[in-house]
Amino acid sequence: MTATTPTTLVLAGTGKTGRRVVSGLRARDMPVRVGSRRAEPPFDWQDDTTWEPALRGMDSVYVAFYPDAAFPGAAGAVGSFAELAVACGVRHLVLLADRGAAEAERCEQAVRDSGAEWTIVRAGFITQNFSEAFLVELVRAGVVALPAGDVAEPFTDAEDIADVAVAALTESGHAGRIHEVTGPRLITFTDAVGEIARATRREVRYLPVTPEQFVSSLTRRGVSAEYATQLTNLMVEVFDGRRASTTDTVERLLGRPPRDFTEYVRKTAVTGIWNAHTESSGGA
(Lines give C-alpha, C1' and ligand atoms only; values in the text may rest on other atoms or scores of the structure.)
Protein backbone atom coordinates (compact mmCIF):
# COMPACT_ATOMS: atom_id res chain seq x y z
CA MET A 1 0.00 0.00 0.00
CA THR A 2 1.34 3.41 -0.95
CA ALA A 3 0.16 6.97 -0.55
CA THR A 4 -0.50 7.13 -4.29
CA THR A 5 -2.94 4.22 -4.25
CA PRO A 6 -6.26 5.11 -2.62
CA THR A 7 -7.86 2.16 -0.85
CA THR A 8 -10.73 3.70 1.13
CA LEU A 9 -13.56 5.61 -0.53
CA VAL A 10 -15.34 8.03 1.82
CA LEU A 11 -18.79 8.98 0.53
CA ALA A 12 -20.21 12.37 1.47
CA GLY A 13 -16.53 13.06 1.94
CA THR A 14 -17.04 16.79 2.43
CA GLY A 15 -20.02 16.46 4.79
CA LYS A 16 -20.29 16.53 8.56
CA THR A 17 -19.01 13.02 9.29
CA GLY A 18 -17.37 12.28 5.94
CA ARG A 19 -14.76 15.02 6.05
CA ARG A 20 -13.87 13.98 9.58
CA VAL A 21 -13.48 10.37 8.48
CA VAL A 22 -11.19 11.58 5.69
CA SER A 23 -9.09 13.52 8.21
CA GLY A 24 -8.96 10.58 10.60
CA LEU A 25 -7.79 8.18 7.92
CA ARG A 26 -5.17 10.60 6.65
CA ALA A 27 -3.93 11.09 10.21
CA ARG A 28 -3.23 7.34 10.22
CA ASP A 29 -1.48 7.62 6.85
CA MET A 30 -4.25 5.62 5.21
CA PRO A 31 -4.85 6.34 1.50
CA VAL A 32 -8.24 7.98 0.94
CA ARG A 33 -10.43 8.85 -2.01
CA VAL A 34 -12.99 11.56 -1.28
CA GLY A 35 -16.42 10.76 -2.67
CA SER A 36 -18.17 13.96 -3.69
CA ARG A 37 -19.59 15.61 -6.79
CA ARG A 38 -16.58 17.95 -7.02
CA ALA A 39 -13.94 15.23 -6.55
CA GLU A 40 -12.00 13.52 -9.31
CA PRO A 41 -13.43 11.10 -10.19
CA PRO A 42 -16.74 12.60 -9.05
CA PHE A 43 -19.31 10.66 -7.05
CA ASP A 44 -23.01 11.51 -7.05
CA TRP A 45 -25.66 9.39 -5.35
CA GLN A 46 -28.18 10.67 -7.91
CA ASP A 47 -26.03 9.57 -10.90
CA ASP A 48 -25.12 5.87 -10.75
CA THR A 49 -22.77 6.22 -13.74
CA THR A 50 -20.33 7.91 -11.33
CA TRP A 51 -20.27 4.99 -8.91
CA GLU A 52 -18.01 2.50 -10.69
CA PRO A 53 -15.18 4.95 -11.51
CA ALA A 54 -15.12 6.04 -7.86
CA LEU A 55 -15.02 2.42 -6.69
CA ARG A 56 -12.10 1.30 -8.85
CA GLY A 57 -9.18 0.17 -6.73
CA MET A 58 -11.02 0.54 -3.43
CA ASP A 59 -10.76 -2.02 -0.62
CA SER A 60 -13.26 -0.40 1.74
CA VAL A 61 -15.97 2.26 1.66
CA TYR A 62 -17.52 4.55 4.25
CA VAL A 63 -21.12 4.59 3.02
CA ALA A 64 -22.93 7.80 3.98
CA PHE A 65 -26.04 8.32 1.88
CA TYR A 66 -26.99 11.85 0.89
CA PRO A 67 -29.18 13.47 2.00
CA ASP A 68 -29.79 10.85 4.69
CA ALA A 69 -30.06 7.07 5.06
CA ALA A 70 -33.55 7.54 6.50
CA PHE A 71 -34.93 9.34 3.43
CA PRO A 72 -37.31 7.49 1.06
CA GLY A 73 -35.42 5.54 -1.59
CA ALA A 74 -32.17 5.38 0.34
CA ALA A 75 -32.26 1.61 0.77
CA GLY A 76 -32.64 0.97 -2.95
CA ALA A 77 -29.68 3.19 -3.79
CA VAL A 78 -27.52 1.83 -0.98
CA GLY A 79 -28.35 -1.74 -1.98
CA SER A 80 -27.45 -1.14 -5.63
CA PHE A 81 -24.25 0.60 -4.60
CA ALA A 82 -23.27 -2.19 -2.21
CA GLU A 83 -23.75 -4.85 -4.89
CA LEU A 84 -21.64 -2.86 -7.33
CA ALA A 85 -18.97 -2.29 -4.69
CA VAL A 86 -18.63 -6.02 -4.11
CA ALA A 87 -18.47 -6.63 -7.87
CA CYS A 88 -15.65 -4.05 -8.02
CA GLY A 89 -13.65 -5.88 -5.37
CA VAL A 90 -14.54 -3.91 -2.23
CA ARG A 91 -14.15 -6.09 0.83
CA HIS A 92 -15.54 -3.96 3.69
CA LEU A 93 -18.48 -1.55 3.87
CA VAL A 94 -18.98 0.73 6.86
CA LEU A 95 -22.50 2.19 6.76
CA LEU A 96 -23.66 5.31 8.59
CA ALA A 97 -27.28 4.65 9.56
CA ASP A 98 -29.94 6.58 11.44
CA ARG A 99 -30.71 5.15 14.84
CA GLY A 100 -34.35 4.10 14.94
CA ALA A 101 -35.42 5.04 11.39
CA ALA A 102 -37.22 2.41 9.30
CA GLU A 103 -35.60 3.28 5.95
CA ALA A 104 -32.17 3.27 7.57
CA GLU A 105 -32.85 -0.24 8.86
CA ARG A 106 -33.57 -1.28 5.26
CA CYS A 107 -30.22 0.28 4.28
CA GLU A 108 -28.55 -1.83 6.94
CA GLN A 109 -30.16 -4.99 5.59
CA ALA A 110 -29.08 -4.15 2.05
CA VAL A 111 -25.47 -3.82 3.16
CA ARG A 112 -25.63 -7.05 5.15
CA ASP A 113 -27.03 -8.83 2.08
CA SER A 114 -24.30 -7.51 -0.24
CA GLY A 115 -21.73 -10.20 0.47
CA ALA A 116 -19.12 -7.76 1.74
CA GLU A 117 -17.79 -7.61 5.27
CA TRP A 118 -19.90 -4.96 6.95
CA THR A 119 -20.00 -2.69 9.97
CA ILE A 120 -22.98 -0.52 10.88
CA VAL A 121 -22.43 2.79 12.66
CA ARG A 122 -25.77 4.00 14.00
CA ALA A 123 -26.22 7.57 15.19
CA GLY A 124 -29.10 9.86 16.00
CA PHE A 125 -29.20 13.64 15.87
CA ILE A 126 -25.76 14.98 14.99
CA THR A 127 -24.67 17.88 17.19
CA GLN A 128 -23.06 19.73 14.28
CA ASN A 129 -26.48 20.19 12.67
CA PHE A 130 -26.58 23.37 14.75
CA SER A 131 -23.49 24.81 13.04
CA GLU A 132 -22.87 22.92 9.78
CA ALA A 133 -26.38 22.30 8.45
CA PHE A 134 -29.84 23.79 8.24
CA LEU A 135 -30.19 24.74 11.91
CA VAL A 136 -27.43 27.34 11.75
CA GLU A 137 -29.74 29.78 9.98
CA LEU A 138 -32.42 29.27 12.63
CA VAL A 139 -29.95 29.90 15.43
CA ARG A 140 -28.83 33.12 13.75
CA ALA A 141 -32.46 34.20 13.37
CA GLY A 142 -33.03 33.65 17.09
CA VAL A 143 -35.81 31.05 16.86
CA VAL A 144 -35.13 27.34 16.36
CA ALA A 145 -38.55 26.05 15.31
CA LEU A 146 -38.76 22.27 14.93
CA PRO A 147 -41.46 19.57 14.97
CA ALA A 148 -39.63 17.75 17.77
CA GLY A 149 -41.72 18.54 20.83
CA ASP A 150 -39.73 18.34 24.04
CA VAL A 151 -38.30 14.89 23.45
CA ALA A 152 -34.89 14.06 24.90
CA GLU A 153 -32.12 13.04 22.50
CA PRO A 154 -28.50 11.95 23.13
CA PHE A 155 -27.02 14.48 20.71
CA THR A 156 -24.05 12.80 19.04
CA ASP A 157 -20.90 14.65 18.04
CA ALA A 158 -19.74 14.13 14.46
CA GLU A 159 -16.19 13.71 15.75
CA ASP A 160 -17.26 10.66 17.77
CA ILE A 161 -19.12 9.15 14.81
CA ALA A 162 -16.08 9.65 12.59
CA ASP A 163 -13.65 8.24 15.15
CA VAL A 164 -15.75 5.08 15.48
CA ALA A 165 -15.97 4.77 11.69
CA VAL A 166 -12.20 5.21 11.32
CA ALA A 167 -11.62 2.50 13.91
CA ALA A 168 -13.96 0.20 11.99
CA LEU A 169 -12.13 0.94 8.73
CA THR A 170 -8.61 0.46 10.08
CA GLU A 171 -8.77 -2.05 12.93
CA SER A 172 -9.73 -5.71 13.15
CA GLY A 173 -12.71 -6.99 15.06
CA HIS A 174 -15.41 -4.72 13.65
CA ALA A 175 -16.77 -6.88 10.82
CA GLY A 176 -20.34 -7.98 11.39
CA ARG A 177 -20.87 -5.55 14.27
CA ILE A 178 -23.37 -2.75 14.89
CA HIS A 179 -22.00 0.25 16.76
CA GLU A 180 -24.65 2.58 18.22
CA VAL A 181 -22.96 5.92 18.88
CA THR A 182 -24.53 8.45 21.23
CA GLY A 183 -23.55 11.41 23.32
CA PRO A 184 -23.03 11.01 27.07
CA ARG A 185 -26.44 12.33 28.18
CA LEU A 186 -29.98 13.04 27.09
CA ILE A 187 -30.79 16.64 26.26
CA THR A 188 -33.93 18.36 24.99
CA PHE A 189 -33.94 20.96 22.24
CA THR A 190 -35.06 23.51 24.81
CA ASP A 191 -31.96 22.79 26.87
CA ALA A 192 -29.69 22.69 23.81
CA VAL A 193 -30.84 26.00 22.41
CA GLY A 194 -30.63 27.49 25.87
CA GLU A 195 -26.98 26.51 26.09
CA ILE A 196 -26.30 28.14 22.72
CA ALA A 197 -28.08 31.30 23.84
CA ARG A 198 -26.00 31.56 27.00
CA ALA A 199 -22.73 30.88 25.17
CA THR A 200 -23.43 33.46 22.48
CA ARG A 201 -25.09 35.96 24.84
CA ARG A 202 -27.92 36.27 22.36
CA GLU A 203 -31.63 35.72 22.59
CA VAL A 204 -32.19 32.34 20.96
CA ARG A 205 -35.16 30.17 21.84
CA TYR A 206 -36.58 26.81 20.85
CA LEU A 207 -40.12 26.78 19.47
CA PRO A 208 -41.97 23.47 19.01
CA VAL A 209 -44.10 23.61 15.87
CA THR A 210 -46.44 21.28 14.00
CA PRO A 211 -45.18 19.31 11.00
CA GLU A 212 -47.29 21.50 8.72
CA GLN A 213 -45.76 24.67 10.14
CA PHE A 214 -42.26 23.28 9.71
CA VAL A 215 -42.85 22.33 6.06
CA SER A 216 -44.23 25.80 5.42
CA SER A 217 -41.23 27.48 7.05
CA LEU A 218 -38.80 25.44 4.95
CA THR A 219 -40.55 26.11 1.66
CA ARG A 220 -40.68 29.83 2.43
CA ARG A 221 -36.88 29.72 2.68
CA GLY A 222 -36.61 28.14 -0.77
CA VAL A 223 -36.44 24.45 0.19
CA SER A 224 -38.29 22.20 -2.24
CA ALA A 225 -41.63 20.89 -1.03
CA GLU A 226 -40.50 17.29 -1.55
CA TYR A 227 -37.34 17.66 0.55
CA ALA A 228 -39.18 19.67 3.21
CA THR A 229 -41.84 16.98 3.52
CA GLN A 230 -39.29 14.16 3.68
CA LEU A 231 -37.23 15.92 6.33
CA THR A 232 -40.31 16.69 8.38
CA ASN A 233 -41.58 13.12 8.17
CA LEU A 234 -38.20 11.86 9.33
CA MET A 235 -38.17 14.20 12.32
CA VAL A 236 -41.70 13.22 13.30
CA GLU A 237 -40.71 9.55 13.02
CA VAL A 238 -37.58 9.60 15.17
CA PHE A 239 -38.35 12.36 17.68
CA ASP A 240 -40.94 10.29 19.51
CA GLY A 241 -38.71 9.12 22.36
CA ARG A 242 -37.44 5.97 20.65
CA ARG A 243 -33.84 7.24 20.81
CA ALA A 244 -33.98 8.49 24.38
CA SER A 245 -31.17 6.28 25.66
CA THR A 246 -27.38 6.39 25.68
CA THR A 247 -24.76 3.75 24.92
CA ASP A 248 -21.18 3.09 26.03
CA THR A 249 -19.94 2.57 22.46
CA VAL A 250 -17.49 5.48 22.32
CA GLU A 251 -15.89 4.66 25.67
CA ARG A 252 -15.75 0.95 24.91
CA LEU A 253 -14.26 1.30 21.42
CA LEU A 254 -12.14 4.43 21.79
CA GLY A 255 -11.18 4.37 25.47
CA ARG A 256 -12.52 7.87 26.15
CA PRO A 257 -15.88 9.41 26.99
CA PRO A 258 -18.05 10.79 24.16
CA ARG A 259 -17.94 14.53 23.56
CA ASP A 260 -20.51 16.48 25.52
CA PHE A 261 -22.84 19.05 23.95
CA THR A 262 -21.61 21.76 26.31
CA GLU A 263 -18.04 21.31 25.06
CA TYR A 264 -19.26 21.60 21.48
CA VAL A 265 -21.21 24.78 22.22
CA ARG A 266 -18.29 26.42 24.00
CA LYS A 267 -15.87 25.71 21.14
CA THR A 268 -18.34 26.62 18.41
CA ALA A 269 -19.59 29.86 19.92
CA VAL A 270 -16.14 31.47 19.81
CA THR A 271 -15.94 30.91 16.03
CA GLY A 272 -18.79 33.39 15.47
CA ILE A 273 -20.68 30.96 13.23
CA TRP A 274 -23.92 31.70 15.07
CA ASN A 275 -23.50 35.46 14.71
CA ALA A 276 -21.92 36.05 11.28
CA HIS A 277 -23.43 35.09 7.95
CA THR A 278 -20.87 32.41 7.19
CA GLU A 279 -21.47 29.70 4.61
CA SER A 280 -22.39 26.37 6.16
CA SER A 281 -22.11 22.90 4.70
CA GLY A 282 -24.47 19.97 4.82
CA GLY A 283 -24.48 16.26 4.27
CA ALA A 284 -23.39 13.32 6.34
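Conventions and cut-offs
- Residues numbered from 1 in each chain as written.
- Predicted model: local features only at pLDDT ≥ 70, side-chain atom pairs only at ≥ 80, totals over all residues.
- Heavy atoms only, no water.
- Helix = DSSP H or I, 4+ residues; strand = E, 2+ residues; numbered from the N terminus.
- Rg over C-alpha atoms; globule rule 2.2 N^0.38 Å.
- Buried < 20%, exposed > 50% of the residue type's maximum accessible area, 1.4 Å probe, protein only.
- Contact = heavy atoms within 4.5 Å.
- Areas by Shrake-Rupley, 256 points an atom, 1.4 Å probe, with all protein chains shown as cover.
- Lys, Arg positive; Asp, Glu negative; His and termini not counted.
- Charge placed at Lys NZ, Arg CZ, Asp CG, Glu CD.
- Pairing = 2+ DSSP bridges.
- Right-handed = clockwise from strand over helix to strand, strands pointing away.
- Polar contact = N/O pair within 3.5 Å; in protein donor to acceptor, adjacent residues only side chain to side chain.

**Q** Just to check I follow, could you spell out the overall build of the chain for this structure?
**A** The number of helices and strands found in the chain is 12 helices and 10 strands. Taking 19 Å as the expected radius of gyration for a compact globule of 284 residues, we find that the chain reaches 18 Å, a close match to that expectation. Its C-alpha atoms give the chain principal-axis dimensions of about 50 × 40 × 35 Å. Classification of the 284 residues of the chain by burial places 54% in the buried group. Taking all contacts inside the chain whose residues are at least 6 apart in sequence as the whole, residues at least 24 apart take part in 78%. By element, 48% of the accessible surface of the chain is carried by carbon and sulfur atoms, the whole surface being about 12400 Å². Each charge sign in the chain was given a centre, from 30 positive and 37 negative side chains, and these centres are 5 Å apart.

**Q** Could you clarify how one ought to interpret unusual backbone geometry in this entry?
**A** Trans peptide bonds make up the majority, and among non-glycine residues the majority have a negative phi. For the bond from Glu 40 to Pro 41, the omega torsion is 0°, close enough to zero to count as cis. By the secondary structure assignment, Pro 41 is in the loop between strand S2 (32-35) and helix H2 (51-55). Residues other than glycine seldom take positive phi values, yet Ala 12 does so here, at roughly 50°. Looking at the element boundaries, Ala 12 is found in the loop between strand S1 (8-11) and helix H1 (18-27). Judged by its relative accessible area of 14%, Ala 12 is buried.

**Q** Can you help me understand the pairing of strand S3 (residues 60-63) in this one?
**A** In the case of a regular strand, side chains alternate between the two sheet surfaces. Taking every second residue as pointing to the same face, both faces of S3 are buried, with Ser 60 and Tyr 62 on one and Val 61 and Val 63 on the other. In the sheet, S1 pairs with S3 via three bridges, with the strands oriented parallel. Across the sheet, residue Thr 8 finds its bridge partner in S3, namely Ser 60. Note that S3 and strand S4 (residues 92-98) share four bridges and pair parallel. In the strand pairing of S4, Val 63 is matched with Leu 95. After leaving S3, the chain enters helix H3 (residues 74-87) and then returns to the sheet as S4, a path that is right-handed.

**Q** Just checking my understanding: could you explain the side chain of Ser 60 for this structure?
**A** Topologically, Ser 60 is positioned in strand S3. Within the structure, Ser 60 has its side chain in polar contact with the side chain of Thr 8 (distance 3.0 Å). Contact partners of Ser 60, with chain neighbours within four places excluded, come to Thr 7, Thr 8, Leu 9, Val 90, His 92 and Leu 169.

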